[in-house]
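Spelled out from the first residue to the last, the chains are:
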4 protein chains.
Amino acid sequence: MSGNTLGKLFCVTSFGESHGAAIGCVVDGCPPGLAISVEEIQAELDRRKPGTSRHVTQRREPDEVEILSGVFEGLTTGTPIALLIRNQDQRSRDYGNIAETFRPGHADYAYWQKYGIRDHRGGGRSSARETAVRVAAGAIARKWLNERHGVVVRGFMSQLGPIEIPFESWDEVGCNPFFAPNAKLVSELEAYMDELRKSGDSVGARIDVVASGVPVGWGEPVYDRLDADIAYAMMSINAVKGVEIGAGFASVAQRGTEHSDEITPEGYLSNNAGGVLGGISSGQDVLVSIAIKPTSSIRLDRRSIDKQGEAVIVNTHGRHDPCVGIRATPVAEAMLAIVLMDYALRHRAQCAEVTTATPRIARLAPDGVQRVPAPGA
Amino acid sequence: MSGNTLGKLFCVTSFGESHGAAIGCVVDGCPPGLAISVEEIQAELDRRKPGTSRHVTQRREPDEVEILSGVFEGLTTGTPIALLIRNQDQRSRDYGNIAETFRPGHADYAYWQKYGIRDHRGGGRSSARETAVRVAAGAIARKWLNERHGVVVRGFMSQLGPIEIPFESWDEVGCNPFFAPNAKLVSELEAYMDELRKSGDSVGARIDVVASGVPVGWGEPVYDRLDADIAYAMMSINAVKGVEIGAGFASVAQRGTEHSDEITPEGYLSNNAGGVLGGISSGQDVLVSIAIKPTSSIRLDRRSIDKQGEAVIVNTHGRHDPCVGIRATPVAEAMLAIVLMDYALRHRAQCAEVTTATPRIARLAPDGVQRVPAPGA
Amino acid sequence: MSGNTLGKLFCVTSFGESHGAAIGCVVDGCPPGLAISVEEIQAELDRRKPGTSRHVTQRREPDEVEILSGVFEGLTTGTPIALLIRNQDQRSRDYGNIAETFRPGHADYAYWQKYGIRDHRGGGRSSARETAVRVAAGAIARKWLNERHGVVVRGFMSQLGPIEIPFESWDEVGCNPFFAPNAKLVSELEAYMDELRKSGDSVGARIDVVASGVPVGWGEPVYDRLDADIAYAMMSINAVKGVEIGAGFASVAQRGTEHSDEITPEGYLSNNAGGVLGGISSGQDVLVSIAIKPTSSIRLDRRSIDKQGEAVIVNTHGRHDPCVGIRATPVAEAMLAIVLMDYALRHRAQCAEVTTATPRIARLAPDGVQRVPAPGA
Amino acid sequence: MSGNTLGKLFCVTSFGESHGAAIGCVVDGCPPGLAISVEEIQAELDRRKPGTSRHVTQRREPDEVEILSGVFEGLTTGTPIALLIRNQDQRSRDYGNIAETFRPGHADYAYWQKYGIRDHRGGGRSSARETAVRVAAGAIARKWLNERHGVVVRGFMSQLGPIEIPFESWDEVGCNPFFAPNAKLVSELEAYMDELRKSGDSVGARIDVVASGVPVGWGEPVYDRLDADIAYAMMSINAVKGVEIGAGFASVAQRGTEHSDEITPEGYLSNNAGGVLGGISSGQDVLVSIAIKPTSSIRLDRRSIDKQGEAVIVNTHGRHDPCVGIRATPVAEAMLAIVLMDYALRHRAQCAEVTTATPRIARLAPDGVQRVPAPGA
């Protein structure tokens, strides 16, 4: 349980570098008897994989996953599930020039000073390529959460650079390369990205993730709050610089009468809490937003230093996403699913026999006030 | 290492309810030989304690801490340091009416459905009173970080409800009840709070925390990133709904040329990264912002339900902070210190013998661009 | 979760020195709704406390426990249970002479070289006094295991120095100061101890612990085997030098036909496995034996060195157990209970929904062969 | 950090089934800059691999290891090291008959009742084949321990069934298929094994492991004692039923004057403690003994039940080790190395700056009394 393991009971241990032999993970703690196939995991990976549109990196990685263990005759056995993805399109020569210099905004300098050695090829361990592993592991969590608890985890892009993307419909999310929930804005987004790509610059994005159907009671009260571990999991994604639960930073300017969600026998009247109260799921949708910084690899000249501390000019050619946020939606969904599953197991470990006579409050009543973008889940 | 323990090598295990016999913690993993006194810990507690101005709760808790173990002749011994704070001013009768109803915005309903039992007095375990424990433990971490590495952790209120508080000077922070870094705004803040208190409503706040002097190299690359665990620690504070590192959500609309901090032999030219790159400290100041929601306990009528699921009207009298954010600054500082110390130990565990010939980049050059509110640390 | 925390889901974090202000622990992860009283915990502590016969140390410690948190109106709430035992009879002056010298067989030298500082009074943190904390925490585990699963954890002394103590009856165990399960041998044990005490020397002992009623299925298959964590827990008790499960070291000379326990529809025919197969409880009694070394504090002259590395002669006066094994039975029981409870929670976290049509094999059939000392299972 | 991860800072996460696609592990937390090659890991694996003599299983597994990540240009980078071993000689048809029945002494019944599903082929996850992974990971730990601290970890067989094997010389250990440290006994061991194999029965063994050069100070004082985690690690090896440190169970009958190791300025005069005092390494050799039960797979008829609970007769053909202890020496060495490395890192995390003026006591003086089998340390 050193730094590359996520979760306490549902545990994902990740390995691999961008241009090494392979990336992969070991998923430990999955309940036995879950039907899971390579195809189901691959389907999630395909949502994240590079090269699917002109707006993302053109690296051609099939990201084909192999299940090495833990699944027998199509069912999980309760033993560790090892997932392996061989790297294929490693044009390491593109990266020769970065062995000696530190790219601004990248982990290069920090890695170098921490470890005294680094696999510089494609960013090595710090490459966003590692997020494929999270998506693969997340596919297992999503399946279990859905089968066992009816939980659905979905995300979308709510802002691309300066363009806000109001939520219209989940149906749109899968129909464009941005995971945008709003068909009307897609052409604007495409034009923006085309211009950006031409300029050689990059841009940030905001992703929202929603977990529907989460039962009341998941989460621990003090440190291991459900929202604390969600924040951890989201901030651990490459390029994420901020995390909000529910109203998030908007709650700074809110009054108590405005923020705290009233309750009626028919359900909560709003969801400023984002589905978590006192660190424990409230029975409402869990609402998470993350801020993703602009890609640090850009073609434009940037000042930096080399290993000797001398001034250099860096510009990064090669194949890069001009907005890493575009492929981040499946990753954020996966991370939320992994955390929820871990907490589902933790909850039943301690509280398996708890029952109360108090009715479970249904999700947000249809006539309830709700924060955008909590969609009509 | 269930839910009430924070940290992997520098570990804080917290216990206690708002109106039980005591609150406290066990701090495990502290290096031996650190000089620490009750007075030093008490001084930190006094910064957070209630009843110090008319703008905070009037509960009279001296918050007197006792060191039960782990310190011998004024020095830490390397064994667990137990800290105990007896509860004294427990007017539990104020809370009788909340035993049967669920206060909106509070953890009441979630606790009840999770555990089937709850100590309702003063919110029990979910009370912000628990944060005193964090401040006490944090005092130890701050001392060590400062002595061993010259790290200074400081925070301030950067927004109170609608009022933004531009950073002017660290010297102001200790001179007003708000931890506001700007003397000119204090009377406005006081007037706002007086009006608010009269109205019976509450409001949110934004707190910024800065760690100066953090050396390059703390943090793990993939899941246990330094910023991931900071996000976890901050989100685990009562009422926090959002966490930002560096530019945070502002990075969504930034371009790569704007966000990624250029490097010169004299230092970084900006600190959008907030001192963390690829999950590892970069050698710059670590910059963290948190959003704190408005206090859920307000005197105004709110709709809710009782244990039978029947509709009720709740309003909360008793002694409450109209803005829990006012006392949150020492808590946020403590949490940042605890995380940094944990990562300092983790780093030297793995990388004790690493050295490089590359110069350590000094902190932000004096003429460098820097994001507000990174103060001239 | 540094070195002073035991368990993964049912977690005991221990603190305190022999002659400091107090010892105690935080028990985290206990399921809510368990009825537990100070008296029940005290009753277990009283079984271990010093001064109850002439054969143990004459230090007069009432070992009065206080519950500081986590219990409300007589029931656990699911939040951390803090237990506090104030030290009272601290004759630290007895220990002044050991501040500068290292007692052979004790942790003195190792502590000193590890930490560069130590609370030498009474052995400080390395004192067996810390085991009181384990007994207190174990009382909670025992209660839950028994109420929820019918598990009973009992131990006895099976050897005192050279005297083997054949198991006769559980009824005897509580009727003599040795936890000996055999009334006929008590006077021999007393005579042996009287002679030993007079000689100034000390002696070892062997303790057996049996958990009856453990259902099949607790334990993880590879590293976190039930028996692995039992071995860890037992070896973590002061003075323990060996741990056996089931046939233990006797299995070295056994043949497969002799060792592996045959199964019939009526039950297992023997229990060489000691109730654990492949790291998982088998449905039979869990059988554990531990070896406890002779007390290192003796009145006789021993060669050692002091802090300067100079040769000295050490003999330890003060109040000591001539056989620490005599008070070890409640400690070993407590440790087994804590491990079992942790694994009970871990098991249901992962496997809560597992059922099979295969009958649960009853415990050892009455006509079955069984290893001594598996008592009247 | 669920059940298949070993260690806290130097972490091994294991996966794989006997007849699945592969076995392997992720080694996380290794310090950067360690030179390690496939050949070095392979050399350790070759010591354990099957088919090397007539006395072990004839399964032909080359056990070829591949390094997938974490090593760059021959040096560890500080990121996770994934090791992969493809399974090749999987005659699963040999195991068809065990899908429906539970082999006595095996984990079959316990797995089935725990998980409700199991990969029965070759024992699946419970197969001793998983120990290859430990040996591979241990190779890294051994290399680091030796380079950084001069620690050498070596083991040998000290008893095979009824035949005790007195220690003569480390030089003999690698010269016979038993890891026996005594050339004179090898022909007796071979004759015994030939007879045993013919009989269809199996037998147990005792393995001793010694770590030389361990500096004083590794280990935590209360739960995470060095010896406690060694006990855990050893008991987690398939078929192990007992663990001793130093004098082990012999200490039961010892007197204090006999057991506690006297100290002189020239060194300790004996090593009954086995190199651990108060949970912390003492500067002497760490001495560990383990008991390994007889192989449960034998050709002779044994009573058992099937999935329906009906009585059946089981005898196990296929390719099995008649004494699993024969190949256990490299596994036990690996486990000791992994634990020591974890504790080396833990120690420096907390105590990196500790120094004392007290001389480090040299290892056992040449004229010192020492327990068999502490060899020519």
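Computed from a predicted model, the values in this text were never measured in an experiment.

Thresholds, definitions, all that
- Residues numbered from 1 in each chain as written.
- Chains lettered and ligands numbered in written order.
- Predicted model: local features only at pLDDT ≥ 70, side-chain atom pairs only at ≥ 80, totals over all residues.
- Heavy atoms only, no water.
- UniProt positions renumbered as here; feature names shortened; annotations may be inferred.
- Helix = DSSP H or I, 4+ residues; strand = E, 2+ residues; numbered from the N terminus.
- Contact = heavy atoms within 4.5 Å.
- Buried < 20%, exposed > 50% of the residue type's maximum accessible area, 1.4 Å probe, protein only.
- Polar contact = N/O pair within 3.5 Å; in protein donor to acceptor, adjacent residues only side chain to side chain.
- Buried area = accessible area lost by both parts, 1.4 Å probe.
- Salt bridge = Lys/Arg side-chain N within 4 Å of Asp/Glu carboxyl O.
- Nonpolar A, V, L, I, M, F, W, Y, C, P; charged D, E, K, R; others polar.
- Least-squares fit on C-alpha atoms with pLDDT ≥ 70 in both.
- Pairing = 2+ DSSP bridges.
- Axes fitted to C-alpha atoms, helices over the stretch in contact; angles between N-to-C directions.
- Expected span 1.5 Å × (residues − 1).

Trainee: Give a description of the UniProt feature "binding site: FMN" (unreviewed entry) in chain A that names residues and reports values.
Mentor: Residues and elements named next belong to chain A. UniProt marks Arg125, Ser126, Ser127, Asn238, Ala239, Gly278, Lys293, Pro294, Thr295, Ser296, Ser297 and Arg319 with the feature "binding site: FMN" (unreviewed entry), using the numbering shown here. Considering the C-alpha atoms alone, the annotated residues occupy 195 residues of sequence and remain spread out, their largest mutual distance being 44.1 Å. With respect to the secondary-structure elements, Ala239 resides in the loop between helix 6 (226-235) and strand 11 (240-245). With near-sequence residues (within four places) excluded, Ala239 lies in contact with Ala291, Ile292, Lys293 and Val324. Take Ser296: it is sitting in the loop between strand 16 (286-292) and strand 17 (302-305). The buried category is assigned to Ser296, whose relative accessible area is 10%.

Trainee: Tell me about the UniProt feature "binding site: NADP(+)" (unreviewed entry) in chain A, residues and numbers included.
Mentor: Residues and elements named next belong to chain A. The residues that UniProt annotates with the feature "binding site: NADP(+)" (unreviewed entry) are Arg48 and Arg54. Here Arg48 lies in helix 1 (residues 38-48). In terms of polar contacts, Arg48 uses its side chain to reach the side chain of Asp63, at 3.5 Å. Relative to the helices and strands, Arg54 is located in the loop between helix 1 and strand 4 (65-67). Residue contacts for Arg54: discarding those within four places in its chain leaves Glu190, Asp194 and Arg197.

Trainee: Tell me what's going on with the side chain of Arg206 of chain D, and back it up with residues and numbers.
Mentor: Mapped onto the fold, Arg206 of chain D is located in strand 10 (residues 205-212). A polar side-chain atom of Arg206 of chain D sits 2.7 Å from a polar atom in the side chain of Glu244 of chain D.

Trainee: Describe the interface of chain A and chain D, naming the residues involved and giving the relevant values.
Mentor: Bring the parts together and some accessible area is lost; that lost area is often taken as the interface size. Contact residues are listed per partner, giving 42 residues for chain A and 42 residues for chain D. For the pair chain A and chain D, the two sides together bury roughly 3,300 Å², of which 64% comes from carbon and sulfur. Joining chain A to chain D, the criterion identifies 2 salt bridges. The interface formed by chain A and chain D contains 10 residue pairs in polar contact (both at pLDDT 80 or more). Looking at the side of chain A that touches chain D, the elements that each hand over two or more residues are strand 2 (11-16), strand 3 (22-28), strand 6 (75-76) and strand 7 (81-86) of chain A. Of all the elements, strand 2 of chain A adds the most residues to the side of chain A that touches chain D, at 5 residues. Among the residues forming the side of chain A that touches chain D, the class breakdown is 16 nonpolar, 17 polar and 9 charged.

Trainee: Please provide a residue-by-residue account of the relation of the copies chain A and chain B, values included.
Mentor: One copy of the chain maps onto the other through a rotation about an axis followed by a shift along the same axis. Relative to chain B, chain A is turned by 180° and slid 0.0 Å along the rotation axis, the superposed coordinates differing by an RMSD of 0.0 Å. The relationship between the two copies is best expressed as a two-fold rotation axis. Considering only C-alpha atoms, the residue of chain A closest to the rotation axis is Tyr232 of chain A, which sits at 2.3 Å. The fraction of interface residues of chain A whose copies in chain B are also interface residues reaches 100%, indicating that both copies meet through the same surface.

Trainee: Break down unusual backbone geometry for me, with residues and values.
Mentor: The general pattern is negative phi for most residues beyond glycine and trans for most peptide bonds. One non-glycine residue, Phe179 of chain B, adopts positive backbone phi at about 60°. Along the polypeptide, Phe179 of chain B turns up in the loop between helix 4 (170-173) and helix 5 (186-199). For Phe179 of chain B, a relative accessible area of 9% puts it in the buried group. Positive phi, normally seen in glycine, also occurs at Asp63 of chain D, with a value near 50°. If you trace the backbone, Asp63 of chain D turns up in the loop between helix 1 (38-48) and strand 4 (65-67).

Trainee: Report on helix 2 (residues 108-115) of chain A, specifying residues and quantitative values.
Mentor: Residues and elements named next belong to chain A. Counting buried positions along helix 2 gives 8 out of 8 residues, so the element sits mostly inside the fold. Buried within helix 2 are the following residues: Asp108, Tyr109, Ala110, Tyr111, Trp112, Gln113, Lys114 and Tyr115. Positive backbone phi, approximately 75°, marks Gly116, located one or two places after helix 2.

Trainee: Could you give an account of the environment of Ser169 of chain B, naming the residues involved and the relevant values?
Mentor: All names here are of chain B. Its place among the elements puts Ser169 in the loop between strand 9 (163-164) and helix 4. Separated by 96 residues in the primary sequence, Ser169 and Glu73 have C-alpha atoms spaced 38 Å apart. Separated by 2.8 Å, the side chain of Ser169 and the backbone nitrogen of Asp171 make a polar contact.

Trainee: Break down the relation of the copies chain A and chain D for me, with residues and values.
Mentor: In screw terms, the move from chain A to chain D is a rotation of 180° and a rise of 0.0 Å along the axis, fitting with an RMSD of 0.0 Å. Interface overlap between copies: 100% of the residues of chain A at the interface are likewise at the interface in chain D, consistent with a symmetric, same-surface contact.

Trainee: Which residues make up the sheet that holds strand 2 (residues 11-16) of chain C, and what are the values?
Mentor: Residues and elements named next belong to chain C. Pairing is antiparallel across the open sheet formed by 5 strands, whose spatial order is 1-2-3-7-4. The outermost strands of the open sheet, each flanked by one partner alone, are strand 1 (5-6) and strand 4 (65-67). Inspection of the sheet shows strand 3 (residues 22-28) paired to strand 7 (residues 81-86) by 6 bridges, in the antiparallel sense. Looking at strand 7, one finds that Val26 is bridged to Ala82. Each of strand 2, strand 3 and strand 7 touches helix 3 (residues 131-149); the most contacted strand, strand 3, lies at about 30° to it.

Trainee: Outline the interface of chain A and chain B, supporting the account with residue identities and numerical values.
Mentor: Contact with chain A, which involves 121 residues of that partner, is made by 121 residues of chain B. Approximately 9,500 Å² of surface area, both sides summed, lies buried where chain A meets chain B, with 59% of it carried by carbon and sulfur atoms. The largest share of the area that chain A buries against chain B comes from Lys114, Tyr223 and Lys241 of chain A, three residues that together contribute 10% of it. In this assembly, chain A and chain B are joined by 5 salt bridges.

Trainee: Tell me about helix 5 of chain B, and name the residues and values.
Mentor: Residues and elements named next belong to chain B. Across its 14 residues, helix 5 extends 20 Å between first and last C-alpha, which sits within 8% of the 20 Å expected from 1.5 Å per residue. In the core, the buried residues of helix 5 are packed alongside strand 8 (152-160) and strand 9. Residue Gly200 follows helix 5 closely and has a positive phi angle near 85°.

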